[in-house]
Amino acid sequence: MAAASKRPRARTASTSSLETAQGTHTFKIANYSLQRDLLAGLTIVNNRSIGSSTFAVGEHDWCIRCYPNGAWTDKHTDYVAVYLVLVSKNTEVRALFALRLVDQSTGQSVVLYNEATSKVFSTKAAGGRGTWGTYCFMKKSALEASPYMRDDSIVIECDITVVITKKPRVQKNMSRLDYFEAPPSDLSDNLRQLLQGKKGADVTFKVGDEDFLAHKLVLAMRSPVFQAELYGPMEEKTSQHITIEDMHPDIFRALLHFIYTDSMPNMEDFDGDERKEMVKHLLVAADRYDLGRLKKICEGILSKGLDVENVATTLALADQHHCSNLKNACIEFISSSSKIDDVVASQEYVQIKESCPTVLVDMLENVTRRLQ
């Protein structure tokens, strides 16, 4: 009897994995008391809410709905209700989310509802549930007396993590080596270590009384200004030893950190005011070296920390360094603030009025007249 022929054994594999998409939406409700009173007379529960604009996270559309007079049941009319709603039709998605209130004077927020267990949002059928949240977000009387109510407005932020399930894909004729998956990228860690270890550094910067070693190629790749200084027609004859004027060593250290890692440095060692000053100086440095992403990040941080005492100087800074987003945020703060007289009376405003271009002062005073 002939021996049976052996065929090569087929080797296959499949992987089931989860991916997530994250996003944050900021929802400001202006004229809160007026909208609350208008909704109070409605009899249809679903219409007693204030809705945010539609926003996308994880390829799905969402919105936030706030019920200032309570929702779903008459037992909780003393509470404000807030819900996250899946707007996309005929779909189902699993997500985690948290709802926060933002202190508009400091930019700090507090989590009032955290759905740490993922929920299924479904709009596939009439019985599906496309809304999750809380009917006791905060007691109405507590909210309206809290620092989160500013100029008859509140700001709600929603952090969403959408869980994306990838269908298992069968891979055929696998070898044992094919079972190993690539680790996550560690490029930024490698570049951080390159900066800290100084190996291969070919340029030295003198900033104040400190020396900083760096790598020309990395600097030129990240900054058009450094590229021109180190390799272009403007290349300095002493390009291996460069003195940086008008910059504190801490700011240059933070600038190098961003250039190498594309992330903001850790500022936990600085208190609130020192951190704001650091960000202002870092914005100036970002403008000086044409680092657009860093400049936008600094604009965002400063716009969230506006107050009566710093809005005038921040507006002057934004005007000087062509920061349109920050400039608009300052103007909006001044226009909507009930403390406009305090802004104009502040020492910072007096100093700006003496030192800044007339157009800047006129702009502030026009806002004041419009609100009187």
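Look above for the structure.
These remarks concern the structure in this document. Just so you know, these numbers come straight off a predicted model, no measurement behind them.

1. Quick look at the overall build of the protein chain
Step number 1: Counting its regular elements, the protein chain contains 13 helices and 12 strands.
Step number 2: By the burial criterion, 40% of the 372 residues in the protein chain qualify as buried.
Step number 3: Put simply, of all contacts in the protein chain between residues at least 6 apart along the chain, 66% involve residues at least 24 apart.

2. Considering the layout of surface pockets
Step number 1: Each pocket or cavity is described by its volume, and for the largest pocket that value is around 640 Å³.
Step number 2: Around the largest pocket sit 22 residues that line it, and K28, Q104, V155, S303 and E332 are the ones nearest its centre.
Step number 3: For the lining of the largest pocket, the secondary-structure elements that each account for two or more residues are β1 (17-29), β6 (92-102), β9 (154-166), α8 (292-304) and α10 (324-336).
Step number 4: Ranked by the residues each element gives to the lining of the largest pocket, the list is headed by α10, at 4 residues.
Step number 5: Residue composition of the lining of the largest pocket, by class: 7 nonpolar, 8 polar and 7 charged.

3. Notes on the nonpolar core
Step number 1: Judged by nonpolar contacts, the single largest core of 46 residues is most densely connected at F205, L219, F252 and L255.
Step number 2: In this structure, L219 is in contact with V203, F205, A214, F226, L230, L256, I259 and Y260, ignoring residues within four places of it in sequence.
Step number 3: Grouped together as the second largest cluster of nonpolar side chains are 32 residues, L39, V57, Y113 and L143 included.

4. As for empty space enclosed by the protein
Step number 1: Taken as a whole and assessed by the stated rule, the structure comprises 1 cavity of 30 Å³ or more.
Step number 2: Its boundaries defined by the atoms lining it, the largest cavity holds a volume of some 40 Å³.
Step number 3: For the lining of the largest cavity, the class distribution of residues is 2 nonpolar, 3 polar and 2 charged.

5. Here's the deal with the pattern of salt bridges
Step number 1: What the rule picks out here adds up to 15 salt bridges.
Step number 2: The shortest N-O distance in the salt bridge between R100 and E157 comes to 2.7 Å. Within this pair, whereas R100 is found in strand β6, its partner E157 is found in strand β9, the two being separated by 57 residues in sequence. Comparing R100 with E157, the two get one shared label, buried.
Step number 3: Among the salt bridges present, the one from K296 reaches E299, with a minimum N-O distance of 3.9 Å. One end of the pair is K296 and the other is E299, both in helix α8 and 3 residues apart, which spans about a single turn.

6. Here's the deal with helix α9 (residues 311-320)
Step number 1: Counted residue by residue, α9 has 7 buried out of 10 residues, so it is predominantly covered.
Step number 2: When α9 is considered as a whole, its buried residues turn out to be V311, A312, T314, L315, A316, L317 and A318.
Step number 3: At the exit of α9 stands H322, carrying a positive phi of roughly 55 degrees.

7. Observations concerning the pairing of strand β7 (residues 109-122)
Step number 1: In this sheet, β7 lies alongside β6 in antiparallel orientation, the contact comprising 10 bridges. Along β7, the bridge assignment pairs L99 with Y113.
Step number 2: The antiparallel hairpin formed by β6 and β7 contains 6 residues in its connecting segment, where G107 sits at a positive phi of about 80 degrees.

8. Looking at the sheet that holds strand β12 (residues 241-244)
Step number 1: Read from one edge of the open sheet, 3 strands run β11-β10-β12, paired in mixed fashion. Looking along the sheet, the strands with just one partner apiece sit at the ends: β11 (210-214) and β12. Neighbour-to-neighbour, the strand axes of this sheet turn through a mean angle of 25 degrees, independent of strand direction.
Step number 2: One ladder, built from 4 bridges, connects strand β10 (residues 203-207) with β12; its direction is parallel. Note on β12: the bridge partner recorded for T204 is H241.
Step number 3: Helix-sheet contacts for helix α6 (residues 249-261) involve β10, β11 and β12, and the interaxial angle to β11 is about 10 degrees.

9. Some details on the side chain of Q104
Step number 1: Looking at the secondary structure, you find Q104 in the loop between β6 and β7.
Step number 2: Overall, Q104 belongs to the buried group, its relative accessible area being 17%.
Step number 3: A polar contact of 3.0 Å, which involves the side chain of Q104, links it to the backbone oxygen of S153.
Step number 4: With near-sequence residues (within four places) excluded, Q104 lies in contact with K28, Y148, R150, S153, I154, V155 and L306.

Thresholds applied
- Residues numbered from 1 in each chain as written.
- Predicted model: local features only at pLDDT ≥ 70, side-chain atom pairs only at ≥ 80, totals over all residues.
- Heavy atoms only, no water.
- Helix = DSSP H or I, 4+ residues; strand = E, 2+ residues; numbered from the N terminus.
- Buried < 20%, exposed > 50% of the residue type's maximum accessible area, 1.4 Å probe, protein only.
- Contact = heavy atoms within 4.5 Å.
- 1 Å grid on protein atoms, 1.4 Å probe; cavity = no way out; pocket = protein on both sides within 12 Å on 5 of 7 lines; lining within 4 Å.
- Points joined across faces, edges and corners; volume = space filled by probe spheres on them.
- Nonpolar A, V, L, I, M, F, W, Y, C, P; charged D, E, K, R; others polar.
- Core = buried A, V, L, I, M, F, W, Y, C linked by side-chain atoms within 4.5 Å.
- Salt bridge = Lys/Arg side-chain N within 4 Å of Asp/Glu carboxyl O.
- Pairing = 2+ DSSP bridges.
- Axes fitted to C-alpha atoms, helices over the stretch in contact; angles between N-to-C directions.
- Polar contact = N/O pair within 3.5 Å; in protein donor to acceptor, adjacent residues only side chain to side chain.

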